[in-house]
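Breakdown of the fold
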Amino acid sequence: MSSDTLTKAAAAAPEDPDEATPLRIVPQRRPGQWTAAAVVLALLGLGLNSVVRNDAFQWGVVGDYFTSASVLRGLWLTLWLTAVVTALGFALGTLLAAFRLSANPVLRAVSWGYVWLFRSMPILVQLLFWFNIGALYPQILGVKTVNLLGPVTVAVLGLTLHEAAYAAEVVRGGILSVDRGQIEAAQALGLSRRRRWWKIVLPQAMRSIVPPAGNMLIGTLKGTSIVSVIAVQDLLYSAQLVYHRTYQVMPLLMVATLWYVIVTSVLGVGQHYVEKHYARGSERGR
């Protein structure tokens, strides 16, 4: 075979796959998604423009009352109620969860009955019940209930009992999410019950507890607005007192709404970092 023939054959031979030019990956075109995104952004822009440029919202009035003394006092009471109710609710809820997981059938039945009862009753009904408890029990241990249970006390009591019923299920679900084998391994290593709880169960249970607990905290913040029906001067009630005097209903409602949005946004950021902390070492934390 001549040298020219060998040269032509070598030129016609396929190249080495390892030395071949890599294929360029072209993303699939999705015109429908971009069209939908453009439509959504256009609608959002129109909505925002209608709110900002609508004189009926009276943004000047909103600015005047946004940091007024009465509104800030109501905001402080709302934050205080949220903190107290959340702390007491989860303390009682943790105790109820322990009862529910107990081997004692009486404790399990009491916990189940509590959760069933308070989850079945609307929070407004509970508040009105405790607010009018004097009609059923004028005195408790020689103390008049009218003097014992003021509006703020009724708000704390009613919201806490309601919160505890849901917190109990959140805590119980978190504890049950921990692999039983790890607890048995800790027992085999001779760890005490207290150390098993703090070193094994609680850190892993918190991964499942924190997300719903954060949602409950935000829900409690907004749920405190219902105490305005029993004349507790929270954020919403403070705004109502102003617009009952000035008849500027919408601007004052916007003041309360903006404060709720700001506080819930801050709580949402805090929830994100707490979740990230407890997710360390897991797939979610990577």
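Residues numbered from 1 in each chain as written. Predicted model: local features only at pLDDT ≥ 70, side-chain atom pairs only at ≥ 80, totals over all residues. Heavy atoms only, no water.

Inclusion rule: UniProt positions are given in the numbering used here, feature names are shortened, and annotations may be inferred rather than shown by experiment.
Naming follows an unreviewed UniProt entry, where the chain appears as Amino acid ABC transporter, permease protein of Streptomyces albiflavescens. Per UniProt, the comment on the chain under Sequence similarities (unreviewed entry) is "Belongs to the binding-protein-dependent transport system permease family." Reading the Subcellular location (unreviewed entry) entry of the UniProt record for the chain gives the comment "Cell membrane".

1. Section: the UniProt feature "transmembrane region" (unreviewed entry) in the chain
Our working rule: Only DSSP runs of H or I covering at least 4 residues are called helices, and only runs of E covering at least 2 are called strands; the numbering of each starts at the N terminus.
In the UniProt entry, the feature "transmembrane region" (unreviewed entry) is given for residues 34-52, 75-99, 111-131 and 249-270. Each end of residues 111-131 is marked by a C-alpha atom, and these two atoms are 25 Å apart; helix forms 90% of the span and strand 0%. Strand forms 0% of residues 249-270 and helix 100%; the C-alpha atoms that close the span are 32 Å apart.

2. What about the packing of aromatic side chains?
Rules: We call Phe, Tyr and Trp rings a pair once their centres come within 6.5 Å, taking the six-membered ring for Trp, and we label the pair stacked below 30 degrees between planes, edge-to-face above 60, and tilted otherwise.
For the coordinates displayed, the defined rule picks out 5 aromatic pairs. Their ring planes at 5° and their centres at 6.2 Å tell us that Trp 112 and Trp 116 sit as a pair that is stacked. Pair noted here: Trp 112 and Trp 116 are both in helix H5 (residues 105-120), with a separation of 4 residues, about one helical turn.

3. Overview of unusual backbone geometry
One non-glycine residue with positive phi stands out, namely Gln 58, at about 50°. Within the secondary structure, Gln 58 sits in the loop between helix H2 (31-52) and helix H3 (59-66). With a phi angle near 65°, Ala 231 is a residue other than glycine that sits in the positive phi range. Summarising the element assignment, Ala 231 is placed in the loop between helix H10 (193-223) and helix H11 (235-246).

4. A look at the nonpolar core
The cut-off we apply is this: Among buried residues, those of type Ala, Val, Leu, Ile, Met, Phe, Trp, Tyr and Cys that are joined through side-chain atoms within 4.5 Å constitute a nonpolar core. Working definition: with a 1.4 Å probe on protein chains only, accessible area under 20% of the residue-type maximum means buried, over 50% means exposed, and in between means partly exposed. The contact criterion used throughout is that any non-hydrogen atoms of two residues lie within 4.5 Å.
Residues Leu 235, Val 255, Trp 259 and Tyr 260 are the most contacted members of the largest nonpolar core, which totals 18 residues. Listed by contribution, the elements that provide at least two residues to this core are H3, helix H4 (69-100), H11 and helix H12 (249-278). Broken down by element, the residue count for this core peaks at 7 residues, all from H12. Apart from residues no more than four positions distant in its own chain, Trp 259 is found in contact with Phe 66, Val 71, Leu 72, Leu 75 and Leu 235. Residues Val 171, Ile 175, Val 178 and Ile 183 belong to the second largest nonpolar core, which totals 16 residues.

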